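Breakdown of the fold
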Amino acid sequence: KQAECEELGSRVGSLTEENEKLKTEVKRLTEQCQALSQDNTALRDCVVAAGGKVETEAPALPSGPTEEEKKMAAAAGAKAAAEAMEAAKKAAALAAGDSDEDTKSPEQGVKEDGGDDASK
């Protein structure tokens with residue numbers, strides 16, 4: 001049990017770290033996209049100023065995640081939160097010296113022998 005709790009705690013830590021890295025990468029890419037868009041606008045203006053014709057519209061910057069991407073991110077976050085909560089419960093049970101924790105169904109939180117333990 002102790003090893004499992006440590007493994008889950010480690011996983012939570014590494015997922016949190018990965019999440020921060022991904023947020024940093026998204027921020028960097030957004031800034032790069034904005035800079036490229038500004039460069040594109042300046043170049044298009046130069047073409048027009050030189051007497052040229054720009055026949056295509058400038059691409060629009062992404063306004064953010066789509067609804068589908070938001071739903072996927074929310075689902076992934078909910079799953080990670082549930083895993084973290086389960087790990088915290090197991091760690092608390094271990095710290096309390098509760099050896100009955102391994103007889104519980106993780107989804108139900110009820111002992112398999114049908115007993116109800118309202119004190120938890």
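This write-up is about the structure you can find in this document. Note that the structure is predicted; figures quoted are calculated from it, not measured. (Residues numbered from 1 in each chain as written. Predicted model: local features only at pLDDT ≥ 70, side-chain atom pairs only at ≥ 80, totals over all residues. Heavy atoms only, no water.)

1. Digging into the overall build of the protein
Along the backbone of the protein there are 2 helices and 0 strands. Buried residues in the protein amount to 9% of all 120 residues. A separation of at least 24 residues holds for 49% of the contacts in the protein among residues at least 6 apart in sequence. Carbon and sulfur atoms make up 56% of the accessible area of the protein, which amounts to about 9600 Å² in all. (Helix = DSSP H or I, 4+ residues; strand = E, 2+ residues; numbered from the N terminus. Buried < 20%, exposed > 50% of the residue type's maximum accessible area, 1.4 Å probe, protein only. Contact = heavy atoms within 4.5 Å. Areas by Shrake-Rupley, 256 points an atom, 1.4 Å probe, with all protein chains shown as cover.)

2. Focus on the side chain of Arg 44
As for its placement among the helices and strands, Arg 44 is situated in helix α1 (residues 2-49). Among buried Asp, Glu, Lys and Arg side chains, Arg 44 stands out as unpaired, with Asp 45 the closest opposite charge at 6.7 Å. Sequence-distant contacts of Arg 44, that is, excluding residues within four places in its chain, are made with Val 54, Thr 56, Glu 57 and Ala 58. (Lys, Arg positive; Asp, Glu negative; His and termini not counted. Salt bridge = Lys/Arg side-chain N within 4 Å of Asp/Glu carboxyl O.)

3. With respect to helix α2 (residues 67-95)
Over its 29 residues, α2 runs 41 Å from end to end, which matches the ideal 42 Å to within 8%, given 1.5 Å per residue. The set of residues buried in α2 consists of Ala 87, Lys 90 and Ala 93. In the segment just after α2, Gly 97 is the residue with positive phi, at about 75°. (Expected span 1.5 Å × (residues − 1).)

4. Observations concerning α1
Within an α-helix, residues lying three or four positions from one another point in the same direction, as the helix has 3.6 residues per turn. Spanning 48 residues, α1 covers 70 Å between terminal C-alpha atoms, matching the ideal 70 Å at 1.5 Å per step. Tucked into the core, α1 has its buried residues touching α2. At the C-terminal side of α1, Gly 51 shows a positive phi close to 95°.

5. Things to note about the packing of α1 against α2
The contact between α1 and α2 brings their axes to 9 Å, and the two run at 145°. Crossing of α1 against α2: the hand is left-handed. Packed against α1, whose contacting residues are Gln 2, Glu 4, Cys 5, Leu 8, Arg 11 and Val 12, the element α2 presents Glu 83, Ala 84, Ala 87, Lys 90, Ala 91 and Leu 94 at the interface. A class-by-class count of the residues in the contact of α1 with α2 yields 7 nonpolar, 1 polar and 4 charged. (Axes fitted to C-alpha atoms, helices over the stretch in contact; angles between N-to-C directions. Left-handed = near helix turned anticlockwise from the far one by under 90°. Nonpolar A, V, L, I, M, F, W, Y, C, P; charged D, E, K, R; others polar.)

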